[in-house]
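# Structural overview for review
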Amino acid sequence: ELKVEQNPLFLSMQEGKNYTIYCNYSTTSDRLYWYRQDPGKSLESLFVLLSNGAVKQEGRLMASLDTKARLSTLHITAAVHDLSATYFCAAHSTSGNTPLVFGKGTRLSVIA
Amino acid sequence: KAGVTQTPRYLIKTRGQQVTLSCSPISGHRSVSWYQQTPGQGLQFLFEYFSETQRNKGNFPGRFSGRQFSNSRSEMNVSTLELGDSALYLCASSLEPRAGNTIYFGEGSWLTVV
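Throughout what follows, the structure given in this document is the object of discussion. (Residues numbered from 1 in each chain as written. Chains lettered and ligands numbered in written order. Predicted model: local features only at pLDDT ≥ 70, side-chain atom pairs only at ≥ 80, totals over all residues. Heavy atoms only, no water.)

### Notes on the packing of aromatic side chains
Summed over the entire model, instances satisfying the criterion amount to ten aromatic pairs over all chains. Arranged with centres 6.0 Å apart and planes meeting at 75°, the rings of F102(A) and F105(B) form a pair that is edge-to-face. Of the two residues, F102(A) is situated in strand β10 (residues 101-102) and F105(B) in strand β10 (residues 104-105); the pairing between them involves two chains. Each member of the pair, F102(A) as well as F105(B), is classed as buried. Cluster of aromatic residues (ring-pair linked, three or more members): Y33(A), Y35(A), F88(A), F102(A), Y35(B), F45(B) and F105(B). (Phe/Tyr/Trp six-rings, centres within 6.5 Å; stacked < 30°, edge-to-face > 60°. Helix = DSSP H or I, 4+ residues; strand = E, 2+ residues; numbered from the N terminus. Buried < 20%, exposed > 50% of the residue type's maximum accessible area, 1.4 Å probe, protein only.)

In structure tokens, the structure reads:
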């Protein structure tokens, strides 16, 4: 059974600093998704990573996937307050007809 | 283009009642999934449908059911509501299941059971 673990679960960072959110998954996966959720809102798709070594960047966010290590990272560069939100990673297992499994989310707070 | 549309957005029900939630996927999307989100359990998978067929069902009691229509619209039903069913119910759509396409989420239906 695929399990997805994120860390940290809570992150308070200063504006202008860099940080990385880690997403580990327990079985082989070939599809890794990152989402952002603002309080009281739905999930906004950020990245879809489909192959080992995939790297995608959008603004101050960069996501990467290492399927051998079963690890995806979401790197935040020079954080700004607008990035405050909860970030989720989710994965599909390569084995069987299994649904998308989500991590518990990382609540990010960017402070001045 | 229009996104994933969920109705109703907010609803309050009494224990023992039943509720039906509706989801209209993005035009052309045939895969629809449902998730329950609560502060304690996070995002938990409920159902996945593709071309009117249920492909997957999460670990929820039989009170939770769903279906997909020929136009890809989907509904889920919860019968004999319990306080613990209070949650945000999210619908997601994509072109096909597990194809690596972006999966888009609707705004959700906030259910409060009193």
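Read on for the rest.
### Some points on the interface of chain A and chain B
Contacts between chain A and chain B engage 21 residues on the former and 18 residues on the latter. Where chain A abuts chain B, roughly 1800 Å² becomes buried across the two surfaces, and 50% of that area is made up of carbon and sulfur atoms. If you look at where chain A meets chain B, you find zero salt bridges. Here chain A is connected to chain B by four residue pairs in polar contact (both at pLDDT 80 or more). Elements supplying a minimum of two residues to the side of chain A that touches chain B: β4 (29-37), β5 (43-49) and β9 (85-93) of chain A. At four residues, the largest contribution of residues to the side of chain A that touches chain B is made by β4(A). For the side of chain A that touches chain B, a count of residues per class yields nine nonpolar, ten polar and two charged. (Contact = heavy atoms within 4.5 Å. Buried area = accessible area lost by both parts, 1.4 Å probe. Salt bridge = Lys/Arg side-chain N within 4 Å of Asp/Glu carboxyl O. Polar contact = N/O pair within 3.5 Å; in protein donor to acceptor, adjacent residues only side chain to side chain. Nonpolar A, V, L, I, M, F, W, Y, C, P; charged D, E, K, R; others polar.)

### Some points on the sheet that holds strand β1 (residues 4-7) of chain A
All names here are of chain A. Strand order in the open sheet formed by five strands is β1-β3-β8-β7-β6, with antiparallel pairing between adjacent strands. Two strands close off the open sheet at either side, each with one partner strand: β1 and β6 (55-58). Direction aside, the axes of adjacent strands within the sheet are offset by 15° on average. The pairing of strand β3 (residues 19-25) with strand β8 (residues 71-76) spans six bridges and is antiparallel. (Pairing = 2+ DSSP bridges. Axes fitted to C-alpha atoms, helices over the stretch in contact; angles between N-to-C directions.)

### So, the sheet that holds strand β1 (residues 5-7) of chain B
Residue and element names in this part refer to chain B. One open sheet accounts for four strands, arranged β1-β3-β8-β7; its pairing is antiparallel. Single-partner strands in this sheet number two, and they are β1 and β7 (64-68). When the angles between neighbouring strand axes are averaged without regard to direction, this sheet yields 15°. Two elements, β7 and strand β8 (residues 74-78), share five bridges in a ladder whose sense is antiparallel. Within the sheet, the bridge partner assigned to R67 lies in β8 and is E75.

### Re the environment of G16(A)
All names here are of chain A. Following the sequence through the fold, G16 ends up in the loop between β2 (10-14) and β3. Counting along the chain gives 46 residues from G16 to M62, while the straight-line C-alpha distance between them is 15 Å. Apart from the residues within four sequence positions on either side, G16 is in contact with A78 and A79.

### Description of the pattern of salt bridges
Summed over all chains, the structure comprises seven salt bridges over all chains. The partner of D38(A) in a salt bridge is R36(A), and the shortest N-O contact between them spans 2.9 Å. Note that R63(B) is salt-bridged to D85(B), the shortest N-O span being 2.8 Å. Here R63(B) is found in the loop between β6 (53-57) and β7, whereas its partner D85(B) is found in the loop between β8 and β9 (87-94), with 22 residues between them in sequence. Residues R63(B) and D85(B) agree in their burial class; the two are buried.

### Concerning the state of the cysteines
All names here are of chain B. Applying the stated criterion to the full structure yields two disulfides over all chains. Between the sulfur of C23 and that of C91 lies a disulfide, 1.8 Å long from S to S. Taking the torsion about the sulfur-sulfur bond, which here is approximately -60°, the covalent link between C23 and C91 counts as left-handed. A residue pair is termed long-range when its members are at least 10 positions apart, and C23 in strand β3 (residues 19-24) and C91 in strand β9 qualify at 68 residues. Note on C23: relative accessible area 0%, which makes it buried. (Disulfide = S-S within 2.5 Å.)

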